[in-house]
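Each chain, letter by letter, is given below.
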Amino acid sequence: MKKFKFTIQGNEYDVEIMNVEDNLAEIEVNGTTYKVEVDKKLQQTKTPKLVRAVVAPSTESHASTAKTSSPAAQKGAGHIKSPLPGTILNVFVREGDPVKIGDKLLILEAMKMENNINADKEGIVKVLKVKVGDSVLEGDTLIEIGV
């Protein structure tokens, strides 16, 4: 555990404390092991144990409920939302236009960069909620795509 060097009346001693339990200490002096009783109870320092709380997922629905549908299944209305706050620079679709997955819908300027906003589902543009020059916040619905 700990090593010490003592000089007592001109004699040098190498002392190592091997183990301490309650008020009994096992020490080694110049290679010879001794068991020594200590008048005062010594406390060993212990490293604190890290205890983490159990984390449960924060889901709004029951765990067995499917969170996504199969890719081939027909879906209802889809909402294209703004990923960042910014300004609409260009709109490439109008209400009633058919769109496919990956079609460029509009350009959003955010943090002095132009971001292409593409369709994430097939369908027809039902509602176009923005126009060129509009300022939008993160999460604002830009376009609704329906079947």
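This text follows the structure it describes.
Everything quoted here is computed from the prediction, not taken from an experiment. For every chain, the first residue of its written sequence is number 1, and the numbers climb from 1 along that sequence. Whole-chain, interface and lining totals are the exception, using all residues; otherwise, since this is a predicted model, local features are given only for residues with pLDDT of at least 70 and side-chain atom pairs are given and counted only at 80 or more. No hydrogens and no water enter the side-chain calculation; it runs on all heavy atoms of the structure.

A. Local environment of the overall build of the protein chain. In this text, helices come from DSSP runs of H or I with a minimum length of four residues, and strands from runs of E with a minimum of two, each type numbered from the N-terminal end. On a plain count of helices and strands, the protein chain comes out with zero helices and twelve strands. For the protein chain, the succession of helices and strands along the chain, N to C, is β-β-β-β-β-β-β-β-β-β-β-β. The contact rule is simple, with two residues in contact once any of their heavy atoms fall within 4.5 Å. Counting contacts in the protein chain only where the partners sit at least 6 residues apart, residues at least 24 apart contribute 44% of the total. A total of about 11800 Å² of accessible surface is found on the protein chain, and carbon and sulfur atoms cover 52% of it. Computed with the Shrake-Rupley method and a 1.4 Å probe, the accessible areas treat only the protein chains shown as cover for residues.

B. Representation of the sheet that holds strand β2 (residues 11-21). Strands pair, by our definition, only if DSSP identifies at least two bridges between them. Taking strand neighbours across the sheet as the criterion, the four strands line up as β1-β2-β3-β4 in an open arrangement whose pairing is antiparallel. For this open sheet the edge positions go to β1 (2-8) and β4 (32-37), each flanked by a neighbour on one side alone. Averaged over all adjacent pairs, the angle separating strand axes in this sheet is 30°, with direction ignored. Where strand β3 (residues 24-29) meets β4, six bridges bridge the pair, whose relative direction is antiparallel. Each bridged residue has a counterpart across the sheet, and for V29 the counterpart in β4 is T32. Angles run from 0 to 180 degrees between N-to-C directions of axes, and those axes are lines fitted to C-alpha atoms, restricted for helices to the stretch in contact.

C. Region of interest: the side chain of S82. By the element assignment, S82 lies in the loop between β5 (78-81) and β6 (86-91). There is a polar contact of 2.5 Å between the side chain of S82 and the backbone oxygen of L84. Every residue in contact with S82, bar those within four places of it in the chain, is listed here: L108, V136, L137, E138, G139, D140 and L142. Under the rule applied, a polar contact is a pair of N or O atoms within 3.5 Å (in protein, one hydrogen donor and one hydrogen acceptor; residues adjacent in sequence only if both atoms are side-chain atoms).

D. Spotlight on the sheet that holds strand β10 (residues 123-128). Pairing is antiparallel across the open sheet formed by four strands, whose spatial order is β5-β12-β10-β7. Two strands close off the open sheet at either side, each with one partner strand: β5 and β7 (98-99). Two strands pair when backbone bridges link them, and β10 and strand β12 (residues 141-146) are joined in this way by four bridges, in the antiparallel orientation. Looking across to β12, one finds that L128 is bridged to I143.

E. Structural context of the packing of aromatic side chains. Any pair of Phe, Tyr and Trp rings, taking the six-membered ring for Trp, is counted once the centres come within 6.5 Å. Such a pair is stacked with planes under 30 degrees apart, edge-to-face with planes over 60 apart, and tilted for the rest. One pass over the full model with this rule turns up one aromatic pair. Seen in terms of ring centroids, F4 and F6 are 6.0 Å apart; in terms of plane orientation they differ by 25°. Their pairing is stacked. Exposure remark for F4: the relative accessible area of 35% places this residue in the partly exposed category. Working definition: with a 1.4 Å probe on protein chains only, accessible area under 20% of the residue-type maximum means buried, over 50% means exposed, and in between means partly exposed.

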